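So you can see what is in the structure, the chains are spelled out below.
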Amino acid sequence: MTKVFDAKIFNAEAFGKYIKTIPETTKTELVRSGAIKNSEEIYNLFQGQVNSYYGRIPYYGILGGDPVNYDGATNIESDSMDTFDRGVLAYGRAKAWTEKDFSYDVTSGVDFMDQVGVQVARFWEKIDQKVLMAILEGVFAMTTPKQNKDFVESHTFDISKNVPTKGKVAEDTLNNAIQKACGDNKDAFTLVIMHSQVATNLENINLMKRLTQTDANGITRELSLGTWNGKLVLIDDSMPTKSASKVGEGDTEIPAGVEYTTYVLGNGAIEFGALPVKVPYEMDRNPSKNGGEDTLYTRRRNYIGVNGISYENKSQASLSPTNEELKNPTNWTLVNNGTNWIDAKAIPMARIVSRG
């Protein structure tokens, strides 16, 4: 293994294959939930055009209108299907790690760069997850035009001032939230992403069960994943939080505390996948600096599309949006053609705001 990281013989292709063999638990479960899926259409869009950082793809509406009475005397009226287009994006991120030869010497041969190789897959898994959280934060911050604001309000279930539960999640919270968002389409929801405090409250009232994983040595450990009402739960303490003031007095008082945001996603809510980069991994050796050191450079690009939501690229300074730019609500809008807007109930996304 050590020779693999010798800068003189580093094989980027072999290293890439090695990285792919390291389990990416969260990414695997996200894909398995169905909420995150690959899109060959978006992938091919970015591969088949000179502009490979932003694009628009067609989006078909749903047949509508009312039928007339077929009685031999009433003319049949004709409608046409609405067509839309939707903005999708690509983003890139890069990171490097440097380890000194002297660290190896003073620890009697501990190869820290070996550990970099072992942990790099998990590192990028966390980075991709932060990008996803930034996008959801941006989408649920939309305020204009009115259709965007209506979507956010109808897909948000705020129980932070609910006196009987002291603002916390309860047995009926998830079911009510997804019904409010999508009505009879609520069965489309498959994934919940929450803060560990919300997960702890659910565990305390026996509403969530942690998943476990058994490694090659037969050791079983709990994962940062569970299930709630049959929906896969991903626990992430980078979820949005904010301070909440005291509400009410006496028996109706809810003390000051923290408001937690929980996201619920349905089948195909997010389209996500990797795009090729020229040199995803490479090593560089500097024999003089700090007595000798090796640096591993990593680069990656991914595409993202949001079901029913268009990325408009209105506030983006470079060819790859930052997380802060993805949080900017002016970059997002419900899919529309300027006259008609997509039915918000067709978008399997919901937000729960609670005190835990």
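Here the structure is a predicted model, which means the values were calculated and not measured. (Residues numbered from 1 in each chain as written. Predicted model: local features only at pLDDT ≥ 70, side-chain atom pairs only at ≥ 80, totals over all residues. Heavy atoms only, no water.)

### Description of the overall build of the protein
This is how it is decided: Numbering of helices and strands runs from the N terminus, with a helix taken as a DSSP run of H or I at least four residues long and a strand as a DSSP run of E at least two residues long. Accessibility here uses a 1.4 Å probe with only protein chains present; expressed as a share of the type maximum, an area under 20% marks a residue as buried, one over 50% as exposed, and anything in between as partly exposed. The contact definition used throughout considers only heavy atoms, calling two residues in contact when any of these lie within 4.5 Å. Residue burial considers only the protein chains on display, and all accessible areas are found by Shrake-Rupley using a 1.4 Å probe.
The number of helices and strands found in the protein is nine helices and 16 strands. Within the protein, the proportion of its 356 residues that are buried is 44%. Counted over contacts in the protein with a minimum sequence separation of 6, partners at least 24 positions apart contribute 73%. In the form shown here, the protein has an accessible surface area of approximately 18800 Å², with 49% of it arising from carbon and sulfur atoms.

### Topic: the pattern of salt bridges
Stated formally: Put simply, a salt bridge is a Lys or Arg side-chain nitrogen that is within 4 Å of an Asp or Glu carboxyl oxygen.
Summed over the entire model, instances satisfying the criterion amount to 11 salt bridges. Among the ionic pairs, Asp-128 bridges to Arg-300, the shortest N-O distance being 3.1 Å. Here Asp-128 is found in helix H5 (residues 112-139), whereas its partner Arg-300 is found in strand E13 (residues 293-306), with 172 residues between them in sequence. Overall, the relative accessible area of 17% leaves Arg-300 in the buried class. The salt bridge partner of Asp-150 is Lys-146, with a shortest N-O separation of 2.7 Å. One end of the pair, Asp-150, and the other, Lys-146, are both in helix H6 (residues 146-154), four residues apart, so they sit about a helical turn from each other. On the basis of relative accessibility, which here comes to 58%, the residue Lys-146 falls in the exposed class. Where salt bridges share partners, they join Arg-56, Asp-85 and Glu-312 into one cluster.

### Re unusual backbone geometry
Across the junction of Thr-144 and Pro-145, the peptide omega takes the value -5°, indicating a cis bond. With respect to the secondary-structure elements, Pro-145 resides in the loop between H5 and H6. At Asn-206, a residue that is not glycine, the phi angle is positive and equals roughly 55°. Counting through the fold element by element, Asn-206 comes out in the loop between helix H8 (196-204) and strand E6 (208-214). Here Asn-229, not a glycine, exhibits a phi torsion of approximately 50°, which is positive. The topology assignment puts Asn-229 in the loop between strand E7 (220-228) and strand E8 (231-235). Relative accessible area serves as the criterion here: at 42%, Asn-229 is assigned to the partly exposed category.

### A look at the side chain of Thr-173
Short version of the rule: Within 3.5 Å is the distance limit for a polar contact, defined as a pair of N or O atoms, with the added protein rule that one can donate a hydrogen and the other accept it, and that residues adjacent in sequence qualify only through two side-chain atoms.
Position of Thr-173 among the secondary structure elements: in helix H7 (residues 173-182). In terms of polar contacts, Thr-173 uses its side chain to reach the backbone amide nitrogen of Ala-170, at 2.7 Å. If we ignore the near neighbours within four places in the chain, the residues touching Thr-173 are Phe-157, Ile-159, Trp-228 and Ile-352.

### As for the packing of aromatic side chains
Using the following cut-off: For Phe, Tyr and Trp, rings pair up if their centres lie within 6.5 Å, where Trp contributes its six-membered ring, and each pair is then called stacked (planes under 30 degrees apart), edge-to-face (over 60) or tilted (otherwise).
Under the criterion given, the structure shown has six aromatic pairs. Between the aromatic rings of Phe-140 and Phe-151, the centroid separation amounts to 5.8 Å while the plane-to-plane angle is 35°, which identifies the pairing as tilted. Taken as a pair, Phe-140 in the loop between H5 and H6 and Phe-151 in helix H6 lie far apart in primary sequence, 11 residues in all. When its relative accessible area of 4% is taken as the criterion, Phe-140 is described as buried. Through pairs of rings, three or more aromatic residues link up here, namely Tyr-54, Tyr-311 and Trp-332.

### Describing the side chain of Thr-262
As for its placement among the helices and strands, Thr-262 is situated in strand E10 (residues 257-266). You can call Thr-262 buried: its relative accessible area is 1%. Residues in contact with Thr-262, not counting those within four places in the same chain, are Val-192, Ile-193, Met-194, Val-198, Met-239, Ala-350, Arg-351 and Ile-352.

### Describing helix H3 (residues 40-47)
For clarity, the cut-off: The arc refers to the directions leading from the helix axis to the C-beta atoms.
For H3, the set of buried residues is Ile-42, Leu-45 and Phe-46. The buried residues of H3 all sit within an arc of 90° when viewed along its axis, so they share a single face. On its buried side, H3 packs onto strand E2 (54-60), strand E3 (83-100), strand E11 (270-275) and E13.

### Section: the environment of Glu-13
Residue position: Glu-13 is located in helix H1 (residues 12-20). For the pair Glu-13 and Val-279, spaced 266 residues apart in sequence, the C-alpha separation works out to 9.3 Å.

### Focus on H8
What H8 keeps buried is the set Val-198, Ala-199, Asn-201 and Leu-202. Down the axis, H8 shows its buried residues gathered within 160° of arc, on one side only.

### So, the environment of Pro-348
Of note, Pro-348 is situated in the loop between strand E15 (332-334) and strand E16 (349-354). Since its relative accessible area comes to 3%, Pro-348 is described here as buried. In this structure, Pro-348 is in contact with Cys-182, Ala-188, Phe-189, Val-264, Leu-265, Gly-266, Asn-267, Ala-269 and Asn-307, ignoring residues within four places of it in sequence.

### Comments concerning the confidence of the model for the protein
As a reminder of what qualifies: A score from 0 to 100, pLDDT tells how confident the predictor is in each residue.
Of the residues in the protein, 82% reach a pLDDT of 70 or more, and the chain-wide mean stands at 85. Taken together, the stretch residues 1-6 has pLDDT below 50 and engages in 13 contacts with residues farther than four places along the chain or on a different chain.

### Quick look at the environment of Ile-254
Counting through the fold element by element, Ile-254 comes out in the loop between strand E9 (241-244) and E10. On the basis of relative accessibility, which here comes to 1%, the residue Ile-254 falls in the buried class. In the structure, Ile-254 is positioned 101 residues away from Arg-355 in sequence and 9.2 Å away in space, judged by C-alpha atoms. Excluding residues that lie within four positions of it along the chain, Ile-254 makes contacts with Ser-160, Lys-161, Asn-162, Val-163, Lys-166, Gly-167, Ser-245, Lys-246, Val-247 and Arg-355.

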